[in-house]
Structure formats: C-alpha cells, structure tokens
Amino acid sequence: MGKKNTRFETEVVHHGYDSSIYHGSLAPPIFQTSTFSFQTAEQGENRFAGEEEGYIYSRLGNPTVKMLEDRIAALENGEAGLAFGSGMAAVSAVLIALTKSNGHILCSQGIYGCTFGLLQLLKNKYEVDHSFCSMQTEADIRDAIRPETTCIYIETPINPTMALIDIEMVVSIAKEHGIKVVVDNTFCSPYLQQPLDIGCDIIIHSATKYIGGHGDVIAGLIVGKKEMIQEISMTTLKDIGGVMSPFDAWLLIRGLKTLHVRMDRHCDNAEYVIEQLKGHEAIESVYYPGDQNNPSYSIMKKQMKRGGGLISFTIKGGKKEAQKLLNELSLIKIAVSLGDAETLIQHPATMTHAVVPKENREQMGITDSLIRLSVGLEAKEDIWNDLKQALDKIV
Ligand SMILES: *Cc1c(COP(=O)(O)O)cnc(C)c1O
C-alpha cells in the first residue's frame, strides 16, 4: 500500500477502491462466495504454496473483506489490516498470538467485560497470567511489568469512567523491555486517535461501534505491521476461524464513508450535553475527556483529536434513582453498545460491569450512581430535553 497523498476525510470514502475494474459500480461488489475456482491444478498448487497471489477460500481471504482491511489499515496509518467476525474474535486472536503459557499480560483497569473473561480463561486453562494496572504514572507501569510480560494491553478512554492513559508513556517503557503494546481503539475510532503513530504495535476495533456506526453489524478489525498481521492471519484467524462475512465487510465500508462527519457530530453533541449536565441539580459529577476540568484533559489534547461521543456522570442517589432515570427516558434508548446514531444509555453497575465484583467495581469508580451515555446524532437539544425531564423527576 503506497503512501497516501490525500487526507483522512478522502481516504474514508475512496481508499483502495477502483470502480473502473468493477463495471464502474460506485458501491463495491459483495463477493458472496465461499470458495474460488482455479484455472488449472498447477494454479491451485501455486496458490497454496504462496507462489501466486490470488484467492483460495473465503476463510483465508475474500475480495470485499480485503477492501475493508486495506481501508482500515490506511486510516490507522498501519501497514496491514485484518477483519474478524466480532470485536471479541479480534481480541482473542491477538491475545492468543502474543502470549504463551507461563507468560504474563499487563492490562489497563476497566477493560471490556468479555476481554476480562477471556483473560480468566487463558489463566485457568493455559497458564497465561495477567494483572491490572492503573497506568497513571511511569512508576505504576514499571512496578507492574514482570520478566515474563509479553504484552501490554490497554483501552483508552477507560470504560466507563473515561479516564485516559498516556499511550506515549506506556510505549516508551514497553520498548525498553521489548514488550508489545496493544491498544483497543474502539472508543475513539481512527478519526480521533491513531495509536500506531505513537508507537504501539497493534490496534483493535470492535467495528460494531463507531466504524459500523449504525447498530446493524457485529465485527472486529485489527491493524499493525505486515509481518505480524500475516502471522495472525495464518494462525489465530485461519485456524480458529472467527472470520468476517463479505456482507458485513460491505456494511462497514459503507459505514466508514461517513465516519469523520459522524464523529464530529458525536463530539459536538457530547460537549453540549456535558455542559448542560453540569448545571443540573440531580448531577454529582461528570466525566468527559473533552471537558477542560477533567484530569485527563491534557492527555486528551496530546493524543486525541477531540473528546469523543461517550460521557458518564454520577447522580445524587443510588441504584433506585439511576434506574428511575433510565425508565423516565423516551427518546434515549436503554441499551449497551455505543457509537450508533441513536443515543444509548446504560447503568454499568447492573449491566456492562455487573460481572465485576462490587469491591473491584467501586475501586474502578463504578458506583451504583454512575451512568454511561453514548451520545448519538440526534439534535443536541432533543437529547438534552429528554435527559433533563428525566433528571427533573429524580431530584
Ligand atoms: C464492544 C467492545 C468489544 C467487543 O466487541 P464485539 O464486536 O461486541 O465482539 C471490545 N472492546 C470494546 C472496547 C468494546 O466496546
């Protein structure tokens, strides 16, 4: 893939697609096929031997999926991309590829619930250990690294408290120890944050969220150096088999075309809602990295373009008031997931983080009064009006 000569906003629309070779079709074709026939037995032999480029079988590669892989690689400024049937298929392929038994994975706190579940499985069945670290200072990270640490795995912003991790700081320490750094970039999308530029080795997306953007597909993507992506492609993707369907790849190519426009509107709306929330008497505190008063604001300025579309806040009261607030809403939908056109609200203590034991939850700042909002693309005044009328009822 050559060096890009156009900007991000143009690449999301065009990268890697030449309509002239597909009858001028403006939308890319969906190669809905399981396998590819060879012209001769020798061609089949050469393809299997890797001596001739070309498709063999859709679990090993598919043209529609490849278009998406090339596009996400360009958007993340990486060498190569790889698509998976879900974000978790991507996370598991990467973690299995980067670890070995008796090794250790160092993770940021508050990582996605199913990633947490996968780490426990790796520990219980395959002796791959892990530990969590706040990663707020260099000393935190240095103290947590072990001789057998093979991988540092981070999510920033941290869900659902929206604190940030300084990626540059993590990468510089990891490099001293020859440890690979993986960033789950789901909450930012490549429009807001490009961790490969800061020196991390692999980025992961649950493409289900901002990349798809319309709440209609479950999918995962990774981007990194060609050699590493090739290795994952030929092992944990090919042999475990969590591949993406051509139709899902097509939906994601379509979703990506508006990523930059959607992300700016998500950010505009989130900034507005945060300012309104601050003035409401039912609110205790608000958490948004794009807020100048947020402790992570300086890290946001350093590594993100804007604060993103996710906000969280605590209300005065506990579980009862939190549930009442959700039940009083009408425009805003009660749902987990994020990054959709619709504004979604959830109660982490009883939903996304219900599996985390209460003590750990509270240590992570996930109290019964914490609410997370994925701010959608509706008119900002309408989002706020719905939230306000519900907040008024719990005062
Ligand atoms: C949703 C999500 C995942 C899992 O992705 P799926 O597409 O649901 O499998 C992983 N990481 C983060 C941060 C997520 O939000």
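Fair warning: this is a prediction, and the values are worked out from it, not measured in the lab. (Residues numbered from 1 in each chain as written. Predicted model: local features only at pLDDT ≥ 70, side-chain atom pairs only at ≥ 80, totals over all residues. Heavy atoms only, no water.)

Draft legend 1. Region of the structure containing the domain arrangement of the protein. Domain annotation of the protein identifies domain 1 (8-256) and domain 2 (259-392). Computed from C-alpha atoms alone, the centre-to-centre distance between domain 1 and domain 2 is 27 Å. Counting from both sides, the interface comprises 33 residues of domain 1 and, opposite them, 34 residues of domain 2. Across the interface of domain 1 and domain 2, roughly 3100 Å² is buried in total on both sides, 63% from carbon and sulfur atoms. Three residues, Tyr191, Leu192 and Tyr210, lead the burial of domain 1 against domain 2; their summed loss comes to 26% of the area buried on that side. Inspection of the region where domain 1 meets domain 2 yields 2 salt bridges. A salt bridge links lysine 302 to glutamate 168, with the nearest nitrogen and oxygen atoms 3.1 Å apart. Along the contact surface separating domain 1 from domain 2 lie 15 residue pairs in polar contact (both at pLDDT 80 or more). Mapped onto the side of domain 1 that touches domain 2, the elements with two or more residues apiece are α1 (8-14), α7 (167-176), α8 (189-192) and α10 (246-256). (Domains from an automatic or database assignment. Contact = heavy atoms within 4.5 Å. Buried area = accessible area lost by both parts, 1.4 Å probe. Salt bridge = Lys/Arg side-chain N within 4 Å of Asp/Glu carboxyl O. Polar contact = N/O pair within 3.5 Å; in protein donor to acceptor, adjacent residues only side chain to side chain. Helix = DSSP H or I, 4+ residues; strand = E, 2+ residues; numbered from the N terminus.)

Draft legend 2. How the structure looks around the site of the ligand. Every residue close to the ligand is listed here: Ser86, Gly87, Met88, Tyr112, Glu155, Asp184, Thr186, Phe187, Ser206, Thr208, Lys209 and Ala219. At 2.9 Å from an oxygen atom of the ligand is found a main-chain nitrogen or oxygen belonging to methionine 88. A distance of 2.8 Å separates an oxygen atom of the ligand from a polar side-chain atom of serine 206. Against a free-state accessible area of 380 Å², the protein chains account for coverage of 92% of the ligand. Here the shell around the ligand is built from residues that sort into 4 nonpolar, 5 polar and 3 charged. (Near = heavy atom within 4 Å. Areas by Shrake-Rupley, 256 points an atom, 1.4 Å probe, with all protein chains shown as cover. Nonpolar A, V, L, I, M, F, W, Y, C, P; charged D, E, K, R; others polar.)

Draft legend 3. Spotlight on the layout of surface pockets. Taken as a whole, the largest pocket spans an internal volume of roughly 1100 Å³. Considering the residues around the largest pocket, the lining is formed by 35 residues, among which Leu60, Gly61, Lys66, Gln230 and Ser233 are closest to the centre. Considering every element that reaches the lining of the largest pocket, the biggest residue donor is helix α9 (residues 226-237), with 6 residues. Residues belonging to the lining of the largest pocket are distributed by class as follows: 16 nonpolar, 8 polar and 11 charged. (1 Å grid on protein atoms, 1.4 Å probe; cavity = no way out; pocket = protein on both sides within 12 Å on 5 of 7 lines; lining within 4 Å. Points joined across faces, edges and corners; volume = space filled by probe spheres on them.)

Draft legend 4. Main features of helix α13 (residues 319-327). Those residues of α13 that fall on the buried side of the exposure criterion are Ala322, Leu325 and Leu326. Taken down its axis, α13 places every buried residue within 95° of arc, on the same side. In α13, those exposed residues whose orientation departs by more than 90 degrees from the buried face are Lys320 and Asn327. Where the residues of α13 are buried, they touch β9 (310-315), β10 (333-334), β11 (344-346), β12 (370-374) and α15 (380-394). (Buried < 20%, exposed > 50% of the residue type's maximum accessible area, 1.4 Å probe, protein only. Arc of directions from axis to C-beta.)

Draft legend 5. Layout of unusual backbone geometry. Each neighbour pair has its own omega, and for threonine 156 with proline 157 the value is 0°, a cis peptide bond. The topology assignment puts proline 157 in the loop between β4 (149-155) and α7. Proline 160 follows asparagine 159 through a cis peptide bond whose omega is -5°. Note on placement: proline 160 falls in the loop between β4 and α7.

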